[in-house]
Amino acid sequence: MCQDFAHVYLALARASGLTVRYVNGLTQGEGASHAWCEVWLDGLWTGIDPTRGRWTDDSYIRFGVGRDFGDCPIERGVFLGRIGQRQTVYMKVNQQ
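As the structure is a prediction and not an experimental result, all values here were calculated from the model.

Backbone geometry places D42, a non-glycine residue, at a positive phi of 50°. Taking the relative accessible area as the measure of exposure, D42 reaches 82% and is therefore exposed.

Right under this line is the structure:
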């Protein structure tokens, strides 16, 4: 769902003449991947999370950036298994 919100924001921002990019990564304290956007404002990339309706902060951990999801997917490849199997990916990040 966050990928969908990010792509809608990208389309609207680009249609408005803004320079934006897609970002994926994690948010601190959560185990699932997340997607948000960064917009070029006043000479800096500034993160915005359209899913949560807020600016990003230090709790967002960036893994990849690109034009859209196709440039930087979290997972890539093929999962082979029987019907009913699931693939689960979990990551925990701690600050040291």
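Having seen the structure, we can now continue with the description.
A word on the pairing of strand β2 (residues 33-41). Relative to β2, strand β1 (residues 20-27) is paired through seven bridges, and the arrangement is antiparallel. Following the sheet pairing, L26 is matched in β2 by S33. Two elements, β2 and strand β3 (residues 44-49), share five bridges in a ladder whose sense is antiparallel. Counted as the bridge partner of E38 is G47 from β3. Between β2 and β3, which pair antiparallel one after the other, the connecting turn spans two residues, and D42 there sits at a positive phi close to 50°.

What follows is about the side chain of D49. Note that D49 resides in strand β3. Each residue touching D49, except ones within four places of it in the same chain, is listed here: H34, A35, W36, R54, T56 and Y60.

A few words now on the packing of aromatic side chains. Scanning the model with the defined rule gives three aromatic pairs in all. Considering the side-chain rings of Y22 and F69, the 6.4 Å spacing of their centres and the 90° angle between planes classify their relative orientation as edge-to-face. Note that Y22 is positioned in strand β1 and F69 in the segment after β5 (60-66), a separation of 47 residues in sequence. For Y22, a relative accessible area of 0% puts it in the buried group. Centre to centre, the rings of W40 and W45 are 5.1 Å apart; their planes meet at 65°, and the pair counts as edge-to-face.

Reading the values: the criteria
All residue numbers refer to position in the chain's written sequence, counted from 1. The predicted nature of this model means local features are confined to residues of pLDDT at least 70 and side-chain atom pairs, given and counted, to a pLDDT of 80 or more, with totals for whole chains, interfaces and linings taken over all residues. The side-chain numbers reported here are obtained from all heavy atoms of the structure, hydrogens and water having been left aside. Each residue's exposure class comes from its accessible area (1.4 Å probe, protein chains only) as a fraction of the maximum for that residue type: buried when under 20%, exposed when over 50%, partly exposed otherwise. Pairs of strands are assigned from DSSP output, requiring at least two bridges between the strands. For the purposes of this entry, the term helix denotes a DSSP run of H or I that reaches at least four residues, the term strand denotes a run of E that reaches at least two, and both are numbered from the N terminus. Whether two residues are in contact is decided by their heavy atoms, any of which lying within 4.5 Å being enough. Two rings belonging to Phe, Tyr or Trp (six-membered ring only in the last case) form a pair when the distance between their centres is within 6.5 Å. Interplanar angles under 30 degrees mark stacking, angles over 60 mark edge-to-face geometry, and anything in between is tilted.

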